[in-house]
Amino acid sequence: MEEAHPTSTAEVAEVLGDATSRGLTVVARGRGTKQGWGMPPTSADLVVDLSGLARVLDHQAGDLIVDTQAGALLSDVQDVVGTERQRLVLEETVPGTTVGGALATNTSGPQRMFFGTARDLLIGVTVVRADGVVAKAGGRVVKNVAGYDLGKLVIGSYGTLAVITEAVFRLHPLPDVERWVVTPVDGPGRAHELAQAVVHSQAVPWAVEVDLPASGPGTLGVLLGGKAEGVADRAETVRRLLGDAAEVTDTTPPGWAAYPAGPVLLKLTFALSGLRDVLTAAREAGVHVRGSAGAGVVHAAADDAGALDALRAVCARHGGSVVVVDAPDDVKQAVDVWGPVPALDLMRRVKDQFDPEHRLAPGRFVGGI
Amino acid sequence: MPGMPGVDAVTQRARELIPPEGVITDVARLRTYECDGLSHYRVVPALVVIPEDAAQLAGVVGACAEHGVPFVARGSGTGLSGGALPHAEGVLVVTSKMRTITAVRPDDQRAVVEPGVINLDVTRAATPHGYYYAPDPSSQQICSIGGNVAENSGGAHCLKYGFTTNHVLGAEFVSPQGDVVQLGGIAPDTPGYDLLGAVVGSEGTLGIVTSATVRLVRLPEEVRTILVGFASTDQAGAAVSAIIAAGIVPAAIEMMDALAIEAAEAAVHCNYPDGAGAVLVIELDGAAVEVAAEYDEVERLCNDNGAFEQRLATDPADRALIWKGRKSAFAAVGRISPDYIVQDGVIPRTALPEVLKAIAELSGTSGVRVANVFHAGDGNLHPLVLFDESKDGEAEAAEEVSGAILDLCIEHGGSITGEHGVGMDKARYMPRMYDEADLDTMQLVRCAFDPDGISNPGKVFPTPRLCGEVPGRHKGAHPLQEAGLAEVF
Ligand SMILES: Cc1cc2nc3c(=O)[nH]c(=O)nc-3n(C[C@H](O)[C@H](O)[C@H](O)COP(=O)(O)OP(=O)(O)OC[C@H]3O[C@@H](n4cnc5c(N)ncnc54)[C@H](O)[C@@H]3O)c2cc1C
C-alpha cells in the first residue's frame, strides 16, 4: 500500500490523476478516526492522507460562513470561528474528527434536532473525482440554487464518489448561554412520553437526548441555548414538562454528544412516534442506547450483532433503518452492515458515472459500492 | 400529429391509462400550457397529460422512455425561469390532479403530500395540530409542492428555517425510465447516497416527484413583525448587519427601496412610512420571553442606524398588511411600469451596500429604472427592472441591465439564482459561475438518472453532456515520489 500526502486540492488532483493512469484503488483518510466504519474496502492500493489539507482558509464573520480545507480538524474550525463568537453546528461526536471525515460519514450530534446535519450546513464543496478532475458545486452564499447540489451527494458517501478537498459552511452565532434540563427516566415508556412532551412544546428545544443503559434507569436531557432571559424562561418551561425530578444545569451532562461505547456500534433511525418501541426493543436486546430522541436517530452499543434483526424489524416498522456503523471485521463479514437500501439501482448508476472503474474505496458502501 | 410517431405512441398509451379529460391534444387547449411564470418564452407542447396518480404518471413516463419522447413536469406553472416551458415535440406532465394530502402526522412532525398540493394547503392542514410547513415562497397560495421541490424554493422565512431542501425528507419519484423509486423517508438519514438531495433543486431534469414527505415545524409561541423606515438603503443595510452581528437570527429580514415602496403603495395601500428611502420588514419568532428580549435589541439597533420610524404589528391584521406590501411587490411594479423583469441573484450579505450602489449606477447610466426588493438577511436580491415593451429598444436595454446585475452578483462571489432556478432563462449564465469541469461533473448525475436526456431537456445546463463519453482522462504517470507527494511504504 502506498500513501500520498497532498497539501492542496491541486496536489490531490495530481495524486488521483496518477492513480488513474496506474489503475490504483484509492482510499481517502482524514485523521483515520472512522477509517474502520462501513465495510472494509476490498482493495486499497493508495491511501490519500488529507491531514496536510489542514488550513481553515477563510472566515467571513459578517456573512456567517467559513471556507476550510477538508483535512482541518473540526475543533480547529471551531477555534477560528469562535473568535468572532460564531460556530459550525456540526458537533464532534468522535474526538479528532476532520471536516472531510465528518462529511464523508455524515456524523451528527444532539443539536441536529434544531440545526440539522451536514446537508443543512454545507453550502459549497470542492471535490476531486476518481479521474483527478477537480469540480466545485454550490458556492459561498447561503442561498443558491444554481446547478445540482453535489455536496448532498458526497455527504455520507464514505469516500466512494470523490475525494472532498474543500468545504464552505454556513455558521451560527454562539449562544450567550446554554442550559440543560435533565431528568432520570425509569424506562422506554417514560422516556417516550417526556420526549414527545418537549418535542411538541413551544420551548424551542435545540436537542432532546435519551441515554438508556441496557438495564436500570436512564436520563432524558434537553438543551436550550440563546439569550439569557429567553433561555431561563424556556428552561423553566421544559423543567415543568419533565416533572419534579428534573434539574436545570449549565454543565454538559456526561456522555452528551458521544456515542455509547461497545465493540459494535449501531445507528438506529425511526419516525419520532416510534421512540418507545425502539427503546423497548433495545432493552429487550440488552443494548445501551443514546442519541437524539428529538430527531429520531439514536446509536446503540452492543457486544455483538445478535440484536440486529430484531432492531431492524422495529425501526423498519417506524420507517427507519439500522446500520452497523462500526464493528470488528468478523462481525461485519457475517452480517448485512447496511441493511435494505431503497433505490440501490440508481445509486449504482451514480457510482458508475463518478467512478466507472470502481477505484474509490471499493466495497465500502451500500450494496458493495 | 404528423411527423411525431413517438408522441402518437405516447398519446395512445396515455389514453389507455388516463381518463379522457386528462389527455389533451387539441391545439387551442395545448396553447394554454405554452408558458410558465416567465411568459416571454412560449412553446406549445405536442401533448399534455394530467395523470391522477403515480401509476398513471409512471406509465406515461415509461412510454416516453420507450419511444424516446421528451417530457416536462409542470406543477402550477408559476416558475420564473422557464423551467416548465414545454418541449415542442414532447409531453407536458401536469400534476394539478394530484392534490391529495396523504397524511398529516404531527407526532412525527411530518406530512406526506402529492406533488400538485398547493404549498399553503400543507400549512392549512397542519395548523390545527399546532404545526406549519416553513418554506413560504411569495407564490405560496398557488405554487405546488412538486414545483417547490424541483426549484428548491425559498421564501421570506428561509433565513432562519432554511429552504425546501431542508424540509423535504422523502419522496416517491418516477425515474426517466418510468420506474417508481423511494428516496429518503419519514425517518432521517436513509442509508446510501442522498439522491433526494440531488433531486431537490434539479428543476425536473432528473425525473418527476409523485409524493413528498415534508417536515412540519411547531408554530412559534410568539411572532413579532416590525416595519422600519430608513432614509436610505445604506442605513437599512447597516441595521441588518448590526442585527446579525448581535447574534440574532430573525425569522425574516426583508428590504424594499423607495421605488419598490412606491409601487407597493400604489397597488395595495400598505401604508409604509412616508418618505422612506428604504424599509425593513423584520420578523422575530420563537418563545415569548426570548422574542421580547430580541425585539428590544432589534429596536435599539435600528435606531442606532438611523431608523426614523418603527411600527410593531400587534395583531394579525396589522402583520398581514405589512407582509402584503412585501409579498405583492412583484405584481405591484406593474402599477408603475407596463413591463418588468424579475431578477434573482445572490451576493454575500456584506456586499449589499456596494452592489446596491453599482445597481444604482447601472440604472443611472442606462436610464433603466430598477426597483429593489430583497431577502436582505441572506443577500438574495430581486431587482425589478422596469421597461416599456412598446418603446423602441427599452426591452433590450432592460435585458442588458438585468444581465449586468447577474455579473455583479458573480463578481462579488454570489450566485445567479437564489430561488427562482436556472431553467431555460439562465442556462447560458451557468458557465460564468462554474467552469467546464464543474458543469461536466454535475451532468454525471444527469447521466446516471437520465442517460437519454428526455427529462426536461435544455434546462439548467447550456450544453448537454454525452453520457457515454468518458471525460478527461489523465494519461502518463506523474513522478509523484520525486515531487514528495507520495511515498511507498
Ligand atoms: C408572484 C410570484 C412570487 C414568487 N415568489 C417566490 C418566492 O418567494 N420564492 C421562490 O422560491 N419562488 C418564488 N416564485 C417562483 C415559483 O413560484 C416557484 O419556483 C415555485 O416553486 C414553482 O412552483 P410551480 O408549482 O408553479 O412549478 P412550475 O412552474 O410548474 O414548475 C417549476 C419547475 O419544477 C418542475 N416540476 C414541477 N413539478 C414537478 C414534479 N412533481 N417533479 C419534478 N419536477 C417538477 C418543472 O418541470 C419546472 O422545472 C414566485 C413566483 C411568482 C409568480
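Residues numbered from 1 in each chain as written. Chains lettered and ligands numbered in written order. Predicted model: local features only at pLDDT ≥ 70, side-chain atom pairs only at ≥ 80, totals over all residues. Heavy atoms only, no water.

**Some points on the overall build of chain A**
In terms of helices and strands, chain A carries twelve helices and 18 strands. For chain A, the spread of C-alpha atoms along the three principal axes comes to 65 × 50 × 30 Å. Restricting the contact set of chain A to residue pairs at least 6 apart, pairs at least 24 apart contribute 72%. When the accessible surface of chain A is split by element, carbon and sulfur atoms take 50% of a total near 11700 Å². Computing the positive centroid from 33 side-chain charges and the negative centroid from 44, chain A places the two 4 Å apart. (Helix = DSSP H or I, 4+ residues; strand = E, 2+ residues; numbered from the N terminus. Contact = heavy atoms within 4.5 Å. Areas by Shrake-Rupley, 256 points an atom, 1.4 Å probe, with all protein chains shown as cover. Lys, Arg positive; Asp, Glu negative; His and termini not counted. Charge placed at Lys NZ, Arg CZ, Asp CG, Glu CD.)

**Focus: the domain arrangement of chain A**
Residue and element names in this part refer to chain A. What the domain assignment lists for chain A is domain 1 (2-173), domain 2 (177-249) and domain 3 (264-334). When each unit is reduced to the centre of its C-alpha atoms, the spacing between domain 1 and domain 3 is 27 Å. In this assembly, ten residues from domain 1 lie in contact with eleven residues from domain 3. Across the domain 1 to domain 3 interface the summed buried area is about 840 Å²; carbon plus sulfur atoms make up 53%. (Domains from an automatic or database assignment. Buried area = accessible area lost by both parts, 1.4 Å probe.)

**Description of the packing of aromatic side chains**
Given two aromatic rings, their pairing is described by the distance between the two centres and the angle made by the two planes. What the rule picks out here adds up to twelve aromatic pairs over all chains. For the pair Phe115 of chain A and Trp206 of chain A, a centre-to-centre distance of 4.8 Å together with 80 degrees between the ring planes defines the contact as edge-to-face. Taken as a pair, Phe115 of chain A in helix α4 (residues 112-115) and Trp206 of chain A in the loop between α7 (188-199) and β12 (207-212) lie far apart in primary sequence, 91 residues in all. The same class applies to Phe115 of chain A as to Trp206 of chain A, namely buried. One aromatic cluster is present, formed by Tyr158, Trp338 and Phe365 of chain A together with Tyr193 of chain B through successive ring pairs. Against the face of Trp323 of chain B rests Lys327 of chain B, its NZ or CZ located 5.6 Å from the ring centre. (Phe/Tyr/Trp six-rings, centres within 6.5 Å; stacked < 30°, edge-to-face > 60°. Buried < 20%, exposed > 50% of the residue type's maximum accessible area, 1.4 Å probe, protein only. Lys NZ or Arg CZ within 6 Å of the ring centre and 35° of its normal.)

**Brief notes about the domain arrangement of chain B**
All names here are of chain B. If you check the domain split of chain B, you get domain 1 (22-94), domain 2 (101-218), domain 3 (220-334) and domain 4 (337-433). A C-alpha centroid distance of 28 Å is found between domain 2 and domain 3. For the pair domain 2 and domain 3, the two sides together bury roughly 930 Å², of which 50% comes from carbon and sulfur. On inspection of domain 2 and its partner domain 3, the count reaches two salt bridges. A salt bridge links Lys327 to Asp136; its shortest N-O distance comes to 3.6 Å. At the junction of domain 2 and domain 3, the tally comes to four residue pairs in polar contact (both at pLDDT 80 or more). Sorting elements by how many residues they give to the side of domain 2 that touches domain 3 places helix α6 (residues 158-161) first, with four residues. (Salt bridge = Lys/Arg side-chain N within 4 Å of Asp/Glu carboxyl O. Polar contact = N/O pair within 3.5 Å; in protein donor to acceptor, adjacent residues only side chain to side chain.)

**Things to note about the packing of helix α9 (residues 275-285) of chain A against helix α10 (residues 308-317) of chain A**
Residues and elements named next belong to chain A. Put simply, α9 and α10 touch, their axes get as near as 9 Å, and they point 175 degrees apart. Here α9 is positioned roughly antiparallel relative to α10, judged by the angle of their axes. In this structure, α9 contributes Asp277, Val278, Ala281 and Ala282 to the contact, and α10 contributes Leu311, Val314, Cys315 and Arg317. Split into classes, the residues belonging to the contact of α9 with α10 amount to six nonpolar, no polar and two charged. (Axes fitted to C-alpha atoms, helices over the stretch in contact; angles between N-to-C directions. Parallel < 35°, antiparallel > 145°, perpendicular 65-115°, else oblique. Nonpolar A, V, L, I, M, F, W, Y, C, P; charged D, E, K, R; others polar.)

**Thoughts on the site of the ligand**
All names here are of chain B. Taken together, the neighbourhood of the ligand is formed by 33 residues, with Ala73, Gly75, Thr78, Ser139 and Ser144 sitting nearest. Within the side chain of Thr78, an N or O atom sits 2.6 Å from an oxygen atom of the ligand. The contact in question runs from an oxygen atom of the ligand to an N or O atom on the backbone of Gly83, over 3.1 Å. If the ligand stood free it would expose 980 Å²; the protein chains cover 93% of that surface. Elements with a contribution of two residues or more to the shell around the ligand: β3 (71-74), α5 (145-151) and β10 (208-215). Broken down by element, the shell around the ligand gets its largest block of residues, five residues, from α5. In the shell around the ligand, the residues fall into ten nonpolar, 19 polar and four charged. The residue makeup of the shell around the ligand includes at least three contributed by each of domain 1 (22-94) and domain 2 (101-218). (Near = heavy atom within 4 Å.)

**Side note on the state of the cysteines**
Residues and elements named next belong to chain B. Tallied over the entire structure, the rule returns one disulfide over all chains. Here Cys447 engages in a disulfide with Cys467; their sulfurs sit 2.1 Å apart. Judged by the torsion about the S-S bond (-80 degrees), the Cys447/Cys467 disulfide is left-handed. One end of the pair, Cys447, is in helix α16 (residues 436-449); the other, Cys467, is in the loop between α16 and α17 (480-483), with 20 residues separating them in the sequence. Using a relative accessible area of 3% as the deciding quantity, one classes Cys447 as buried. A residue is classified by how much of its surface remains accessible, and Cys467, at 18% relative accessible area, is buried. Free of any disulfide, Cys35 has its nearest cysteine sulfur in Cys143, 17 Å distant. Free cysteine Cys158: the closest other cysteine sulfur is in Cys143, separated by 13 Å. (Disulfide = S-S within 2.5 Å.)

**Some points on the sheet that holds β3 of chain B**
Residues and elements named next belong to chain B. Spatial ordering of the open sheet is given by β1-β2-β4-β3, a layout of four strands whose pairing is mixed. Lying at the two open borders of the sheet, with one neighbouring strand each, are β1 (23-24) and β3. Pairing between strand β2 (residues 47-49) and strand β4 (residues 91-94): three bridges, direction parallel. Bridged to Val48 within β4 is Leu92. Helix α1 (residues 5-17) contacts β1, β2 and β4 of the sheet and is inclined by roughly 25 degrees relative to β2. (Pairing = 2+ DSSP bridges.)

**Details of the pattern of salt bridges**
Taken as a whole and judged by the stated rule, the model has 42 salt bridges over all chains. As a salt-bridge pair, Arg349 of chain A and Asp345 of chain A come within 3.2 Å of each other at their nearest N and O atoms. Taken as a pair, Arg349 of chain A and Asp345 of chain A lie in helix α12 (residues 344-354) at a separation of four residues, close to a single helical turn. Where Arg428 of chain B meets Glu399 of chain B, a salt bridge forms, and the shortest distance between an N and an O atom there is 3.9 Å. Here the residue Arg428 of chain B occupies a position in the loop between α14 (394-411) and α15 (430-433), and Glu399 of chain B occupies one in helix α14, the gap between them amounting to 29 residues. For Glu399 of chain B, a relative accessible area of 35% puts it in the partly exposed group.

**A closer look at the pairing of strand β19 (residues 380-387) of chain B**
Here is the key point about a regular strand: its side chains alternate between the two faces of the sheet. All names here are of chain B. Of all the eight residues making up β19, eight are buried; the element is thus mostly covered by neighbouring parts of the structure. Of the two faces of β19, the one carrying Asn380, His382, Leu384 and Leu386 and the one carrying Leu381, Pro383, Val385 and Phe387 are both buried. Strand direction decides the pairing type here: strand β16 (residues 339-342) and β19, joined by four bridges, are antiparallel. Across the sheet, residue Tyr340 finds its bridge partner in β19, namely Leu386. Note: strand β17 (residues 345-346) against β19, two bridges, orientation antiparallel. Considered in β19, the bridge of Val346 is made with Asn380. Relative to β19, strand β18 (residues 370-375) is paired through six bridges, and the arrangement is antiparallel.

**Here's the deal with the sheet that holds strand β5 (residues 101-105) of chain B**
All names here are of chain B. Sheet architecture is open: five strands sit in the order β5-β6-β10-β8-β9, paired in antiparallel fashion. At either margin of the open sheet sits one strand with a lone partner, and together these are β5 and β9 (180-184). Geometrically, the sheet is characterised by an average inter-axis angle of 10 degrees between neighbouring strands, direction not taken into account. Pairing analysis gives six bridges linking strand β8 (residues 168-174) to β10, with the strands arranged antiparallel. Considered in β10, the bridge of Ala171 is made with Ala212.

**Some details on empty space enclosed by the protein**
A probe matching the size of a water molecule, rolled over the atoms, marks out where space remains unfilled. One pass over the structure, following the stated rule, counts seven cavities of 30 Å³ or more. One number sums up the size of the largest cavity: a volume of about 400 Å³. Taken together, 33 residues line the largest cavity, and the ones lying closest to its centre are Leu122, Asn144, Asp149 and Lys152 of chain A together with Asn152 of chain B. Put simply, the parts of the chain that give the lining of the largest cavity at least two residues each are α5 (118-121), β7 (122-129), β8 (134-138) and α6 (150-154) of chain A. Within this model, the second largest cavity holds a volume of roughly 310 Å³. Lining the second largest cavity we find 26 residues, and of these Ala28, Gly30, Gly100, Gly101 and Ala104 of chain A sit closest to its centre. Contributions of two or more residues to the lining of the second largest cavity are made by β2 (26-29), α3 (99-105) and β9 (162-170) of chain A. Broken down by element, the residue count for the lining of the second largest cavity peaks at four residues, all from α3 of chain A. Here the residues of the lining of the second largest cavity sort into ten nonpolar, twelve polar and four charged. (1 Å grid on protein atoms, 1.4 Å probe; cavity = no way out; pocket = protein on both sides within 12 Å on 5 of 7 lines; lining within 4 Å. Points joined across faces, edges and corners; volume = space filled by probe spheres on them.)

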